[in-house]
Amino acid sequence: MTLETALTRLVGIRHPVVQTGMGWVAGPRLVSATAEAGGLGILASATMTYDELASAVAEVKRRTGNPFGVNLRADAADAGQRVDLLIREGVKVASFALAPRKEMIAKLADHGIVVIPSIGAARHAEKVASWGAHAVIVQGGEGGGHTGGVATTLLLPSVLDAVDIPVVAAGGFFDGRGLAAALAYGAAGVAMGTRFLLSKESTVPDEVKRSYLRQGLTATVVTRRVDGLPHRVLRTELVERLENSGNLRAIAGAVRNAVRFRQITGLSLAAMVREGLAMKHGNDLTWSQLIMAANTPMLLRAGLVDGRTDAGVLASGQVVGMIDDLPPVAEIVEGTVTEATKIMRGLGVMAG
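Throughout what follows, the structure given in this document is the object of discussion. (Residues numbered from 1 in each chain as written. Predicted model: local features only at pLDDT ≥ 70, side-chain atom pairs only at ≥ 80, totals over all residues. Heavy atoms only, no water.)

### Notes on the overall build of the protein
The cut-off we apply is this: Numbering of helices and strands runs from the N terminus; a helix is a DSSP stretch of H or I covering at least four residues, while a strand is a stretch of E covering at least two. Residue burial is assigned from relative accessible area. The probe radius is 1.4 Å, only protein chains are included, and a residue is buried under 20% of its type maximum, exposed over 50%, and partly exposed in between. Contact between two residues is taken to exist if any of their heavy atoms lie within 4.5 Å; hydrogens are not considered. Per-residue and other accessible areas follow the Shrake-Rupley method at a 1.4 Å probe size, with only the shown protein chains counted as cover for residues.
When you go through the protein residue by residue, the secondary structure sums to 15 helices and eleven strands. Looking at the 352 residues of the protein, the share that counts as buried comes to 52%. Considering only residue pairs separated by 6 or more positions, the protein has 61% of its internal contacts joining residues 24 or more positions apart. Roughly 14900 Å² of accessible area belongs to the protein as shown, and the carbon and sulfur atoms make up 53% of that amount.

Right, dumping it as structure tokens:
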């Protein structure tokens, strides 16, 4: 059973279901499983070195011959080199958390790569569409990680009204009911993060997955205490301390964390500050937020890779409170499409 949409036709996939490029989570195993299931899996390259990305792309290609994508940071120092890698390896989709430059979109498009930036406002969608982006992913405030304050139910139609390229809905989706609803709005598919994080193929430690499964609908918080930007995460011990600490205490805690993770990673202080400044994106950050921003990737790594729920940050969408199982990726994708098709047929909508 398939649901053909503008997204499936554009990318060459069977199902309008996207697994988002989650840092430290969306590696070759998860991405290839999604591709094999007929969805679009997206590798998260922001937490990879160039060599690690090259190895990850090669591994995905060994595991599947189906289309997949890579999420890039347009502001990375080696972004051009990574674009060349995608072109050389014939990767089907390039996604971006921040709008890529017009010239970068053109180069990718000229080599047959589909460009799908993630955006948080209709005006951003209009801008990247005018630059030649083939589609956009729009994430509402329910979504995990860096997010905005407008709910998907309002943000999605505003973007659909603004552009005539395929729009993929993200933020608050975890099953076929959400896919049916998104298609009814006029979206070309859905993108899910937390649902795929909580899958059999996800490499997140089992104990961390079980911690997610114990959470309710009020278990997340949107905080600026991590890196100065709105960030939806689970209410871990570390996040609660950050939320409840005063400025001086926050600075001290940020410095301790910076030193701790600098020791773990071997990163120089200058490299960590550069990382923090790259994440600033025009926002006014306090010194404590800047220090935390510099090591935010390592805070995420501590939780999602090392299993350190006491010292790490666990990005999560609000849908965590609706999820109570760890199924295989194929079951997630196929179950989502089957349920959506059944709902749409029940409403008298043609699906094939």
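### Some points on helix α6 (residues 122–130)
Put simply, the test is: By arc we mean the arc of the directions from the helix axis to the C-beta atoms, nothing more.
By the burial criterion, the buried members of α6 are Ala 122, Ala 125 and Val 128. Seen end-on, α6 carries its buried residues on one side only, within an arc spanning 130°. Exposed residues on α6 whose side chains face more than 90 degrees from its buried face are Arg 123 and Ser 130. Two residues or fewer past α6, Gly 132 is found with a positive phi of approximately 110°.

### Focus on the environment of Val 60
Within the secondary structure, Val 60 sits in helix α3 (residues 50–63). In the structure, Val 60 is positioned 33 residues away from Gly 27 in sequence and 8.6 Å away in space, judged by C-alpha atoms. Other than its neighbours up to four places away in sequence, Val 60 contacts Pro 28, Val 31, Ser 32, Leu 43 and Phe 68.

### Some words on the nonpolar core
Applicable threshold: Working definition of a nonpolar core: buried Ala, Val, Leu, Ile, Met, Phe, Trp, Tyr and Cys residues. They are joined through side-chain atoms within 4.5 Å.
Ranked by size, the top nonpolar core spans 50 residues in total, and within it Val 159, Val 167, Leu 179, Phe 196, Leu 197 and Tyr 212 carry the most contacts. For this core, the leading source of residues is helix α15 (residues 329–346), giving six residues. Those residues in contact with Phe 196 that lie beyond four places of it in its chain are Val 17, Val 18, Gln 19, Met 22, Leu 30, Thr 34, Ser 202, Val 329, Ile 332 and Val 333. Grouped together as the second largest cluster of nonpolar side chains are 26 residues, Tyr 50, Phe 68, Ala 79 and Ile 105 included.

### Concerning the sheet that holds strand β6 (residues 136–139)
Neighbouring strands of a sheet are bound in pairs by backbone hydrogen bonds; such pairs are parallel or else antiparallel. The line we're drawing: Strand pairing is defined by DSSP finding a minimum of two bridges between the two strands. Axes here refer to lines fitted to C-alpha atoms; in helices the fit is confined to the stretch in contact. Angles between the N-to-C directions go from 0 to 180 degrees.
Taken in spatial order, the eight strands line up as β1-β2-β3-β4-β5-β6-β8-β9 and close into a barrel, and their pairing is parallel. For this sheet the average axis-to-axis angle between neighbouring strands, irrespective of direction, equals 25°. Alignment of strand β1 (residues 17–19) against strand β9 (residues 189–192), held across three bridges, turns out to be parallel. Bridge assignment links Val 18 to a residue of β9, and that residue is Ala 191. Most of the contacts of helix α8 (residues 176–185) go to β9, to which it runs at about 135°, and overall it touches β1, β8 (167–170) and β9.

### What about helix α7 (residues 152–162)?
Of all the positions in α7, only Thr 152, Leu 155, Leu 156, Val 159 and Leu 160 are classed as buried. Taken end-on, α7 shows its buried residues confined to a sector of 130°, consistent with a single buried face. The outward face of α7, more than 90 degrees from its buried face, is lined by the exposed residues Leu 154 and Asp 161. Buried residues along α7 sit against β5 (114–119), α6, β6, β8 and α8.

### Here's the deal with the environment of Ala 181
In this fold, Ala 181 is placed in helix α8. In this structure the C-alpha to C-alpha distance between Ala 181 and Ala 169, which are twelve residues apart in sequence, comes to 9.9 Å.

### A look at the sheet that holds strand β10 (residues 220–223)
Judged by pairing direction, the sheet is antiparallel, and its three strands sit side by side in the order β7-β11-β10 without closing on themselves. Both edges of this open sheet fall to β7 (145–146) and β10, since each of them pairs with a single strand only. In this structure, β7 lies alongside strand β11 (residues 231–234), joined through two bridges in antiparallel fashion. Counted as the bridge partner of Gly 145 is Arg 232 from β11. In this fold helix α11 (residues 237–244) packs onto β10 and β11, with an angle of close to 45° to the strand it touches most, β10.

### Let's talk about unusual backbone geometry
Positive phi is not limited to glycine here, since Trp 24 has a value of about 70°. On the accessibility criterion, Trp 24 (23% relative accessible area) is partly exposed.

### Describing the side chain of Thr 236
Among the secondary structure elements, Thr 236 is positioned in the loop between β11 and α11. Those residues in contact with Thr 236, other than ones at most four positions away along the chain, are Thr 309, Gly 312 and Leu 314.

### A look at the packing of aromatic side chains
The condition is simple: The pairing test for Phe, Tyr and Trp rings, Trp by its six-membered ring, is centres within 6.5 Å, and the orientation test on the planes gives stacked under 30 degrees, edge-to-face over 60, and tilted for anything in between. When the NZ atom of lysine or the CZ atom of arginine is within 6 Å of a ring's centre and also within 35 degrees of its normal, the charge is said to sit over that ring.
Applying the stated criterion across every chain yields a total of zero aromatic pairs. If you follow Arg 301 out to its NZ or CZ, it ends over the ring of Trp 24, 5.6 Å from the centre.

### Focus on the pattern of salt bridges
Cut-off, in case you're wondering: Think of a salt bridge as a Lys or Arg side-chain nitrogen and an Asp or Glu carboxyl oxygen that are within 4 Å of each other.
In the structure shown here, the tally under the stated rule is 15 salt bridges. A salt bridge links Glu 89 to Lys 61; the shortest N-O distance between them is 2.8 Å. Here Glu 89, found in helix α4 (residues 79–89), pairs with Lys 61, found in helix α3; they are 28 residues apart in sequence, far enough to count as distant. Here Glu 207 ties to Arg 210 by a salt bridge, and the two come within 3.0 Å at their closest N and O atoms. One end of the pair is Glu 207 and the other is Arg 210, both in helix α10 (residues 206–213) and three residues apart, which spans about a single turn. On the basis of relative accessible area, Arg 210 is assigned to the partly exposed category, the value being 42%. Ionic contacts of the salt-bridge type, sharing partners, join the residues Asp 175, Arg 177 and Glu 339 into one network.

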